[in-house]
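Each chain is listed here by its residues.
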Amino acid sequence: MNTQALSHHSMRCLLLLLRINFNASVIIVLVAGIMTLTGSELFFRNTVDLYGPLANNLRWVLMYLCLVQLAVYGFYQFSQNYAAVFALGGFILLLILSLEYYSSINQIEIDDNFEPFLLYTGLSHVLYGGLQILQQPRR
């Protein structure tokens, strides 16, 4: 009985830590996106050397990611639908591969900070959403 209580307490602590980390990752996505759109190089370097159709593409991707993040977070808060959080995390992780492909096709260098940024954010969403889905009672 004591082991079961300890296990339950450990799981609650893990969920709390994952929830704090998830909310921190949401804030980081929003702050990084807004700061990058305003021209700040705090998170990602400015790619003014790009021209034509490629100019500011990554800034637009971050803007769309911010909008999707806000929509999914709002949906999650109102409906407690953790599958949406999990799916967004998977999508963010797929963006890492997409950026690699985009970089090779267009023969441009992508800022090295994008990969750890997307990896942290995606894993935060996947772990939090996935563990919450596993914790939900079966219907």
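Structural data are supplied above this passage.
In short, a report on the structure. Because the structure is a prediction, the values reported are computed rather than measured.

## Observations regarding the packing of aromatic side chains
A full pass over the atoms with the stated rule returns eight aromatic pairs. For the pair Tyr76 and Tyr128, a centre-to-centre distance of 6.1 Å together with 85° between the ring planes defines the contact as edge-to-face. Here Tyr76, found in helix H2 (residues 57–79), pairs with Tyr128, found in helix H4 (residues 114–135); they are 52 residues apart in sequence, far enough to count as distant. Pairwise contacts between aromatic rings join Phe22, Tyr73, Tyr76, Tyr82 and Tyr128 into one cluster.

## Describing the nonpolar core
Membership of the largest hydrophobic core comes to 19 residues, with the highest contact counts inside it found for Leu58, Leu65, Ile110, Phe114, Phe117 and Leu118. Elements that contribute at least two residues to this core include exactly helix H1 (2–37), H2, helix H3 (82–106) and H4. The greatest single-element share of this core, amounting to seven residues, is contributed by H3.

## Quick word on the environment of Ile28
Relative to the elements of secondary structure, Ile28 occurs in helix H1. C-alpha of Ile28 to C-alpha of Phe117: the two residues are 89 residues apart in sequence and 8.9 Å apart in space. Residue contacts for Ile28: discarding those within four places in its chain leaves Phe117 and Tyr120.

## Observations concerning the packing of H2 against H4
One can describe the packing of H2 onto H4 by two numbers: an axis separation of 14 Å at closest approach and a directional angle of 15°. The angle between H2 and H4 falls in the class roughly parallel. When the axes of H2 and H4 are compared, the crossing they make is left-handed. Contacts between H2 and H4 involve Leu58, Leu62, Leu65, Gln69 and Tyr76 from the former and Phe114, Phe117, Leu118, His125 and Tyr128 from the latter. The class makeup of the residues in the contact of H2 with H4 is eight nonpolar, two polar and no charged.

## Structural notes on the packing of H3 against H4
In the contact formed by H3 and H4, the axes pass within 7 Å of each other and the chain directions differ by 155°. For the element pair H3 / H4, the angle class is roughly antiparallel. Seen along the crossing, H3 lies across H4 with a hand that is left-handed. A breakdown of the residues in the contact of H3 with H4 according to their chemical character gives 17 nonpolar, eight polar and two charged.

## Some points on a nonpolar patch on the surface
Among the surface-exposed residues, Trp60, Tyr64, Leu67 and Leu70 lie close enough to one another that they form a single nonpolar patch of about 450 Å² accessible area. With respect to the helices and strands, Leu67 occurs in helix H2.

## A few points about the side chain of Ser103
Along the polypeptide, Ser103 turns up in helix H3. If we skip the residues at most four places from it in the chain, Ser103 touches Ile108, Glu109 and Ile110.

## What to know about the side chain of Ser124
Looking at where Ser124 falls in the secondary structure, it is placed in helix H4. On the accessibility criterion, Ser124 (3% relative accessible area) is buried. Polar contacts involving the side chain of Ser124 include one to the side chain of Asn21, which spans 2.8 Å. In this view, Ser124 contacts Asn21, Phe22 and Ser25; residues no more than four positions away in its chain are not counted.

## Quick notes on H2
Compared with an ideal rise of 1.5 Å per residue, which puts 23 residues at 33 Å, H2 spans 33 Å between its outermost C-alpha atoms and is within 8% of the ideal. Inspection of H2 places Leu58, Arg59, Leu62, Leu65, Cys66, Gln69, Val72 and Tyr76 among the buried residues, and these make up the whole buried set. Positive backbone phi, approximately 55°, marks Gln80, located one or two places after H2.

What counts, and at which threshold
- Residues numbered from 1 in each chain as written.
- Predicted model: local features only at pLDDT ≥ 70, side-chain atom pairs only at ≥ 80, totals over all residues.
- Heavy atoms only, no water.
- Phe/Tyr/Trp six-rings, centres within 6.5 Å; stacked < 30°, edge-to-face > 60°.
- Helix = DSSP H or I, 4+ residues; strand = E, 2+ residues; numbered from the N terminus.
- Core = buried A, V, L, I, M, F, W, Y, C linked by side-chain atoms within 4.5 Å.
- Buried < 20%, exposed > 50% of the residue type's maximum accessible area, 1.4 Å probe, protein only.
- Contact = heavy atoms within 4.5 Å.
- Axes fitted to C-alpha atoms, helices over the stretch in contact; angles between N-to-C directions.
- Parallel < 35°, antiparallel > 145°, perpendicular 65-115°, else oblique.
- Left-handed = near helix turned anticlockwise from the far one by under 90°.
- Nonpolar A, V, L, I, M, F, W, Y, C, P; charged D, E, K, R; others polar.
- Patch = residues over 30% accessible without salt bridge, like charges linked within 9 Å, V, L, I, M, F, W, Y side chains within 5 Å.
- Areas by Shrake-Rupley, 256 points an atom, 1.4 Å probe, with all protein chains shown as cover.
- Salt bridge = Lys/Arg side-chain N within 4 Å of Asp/Glu carboxyl O.
- Polar contact = N/O pair within 3.5 Å; in protein donor to acceptor, adjacent residues only side chain to side chain.
- Expected span 1.5 Å × (residues − 1).

Everything listed here is a matter of geometry and, on its own, says nothing about what the molecule does.
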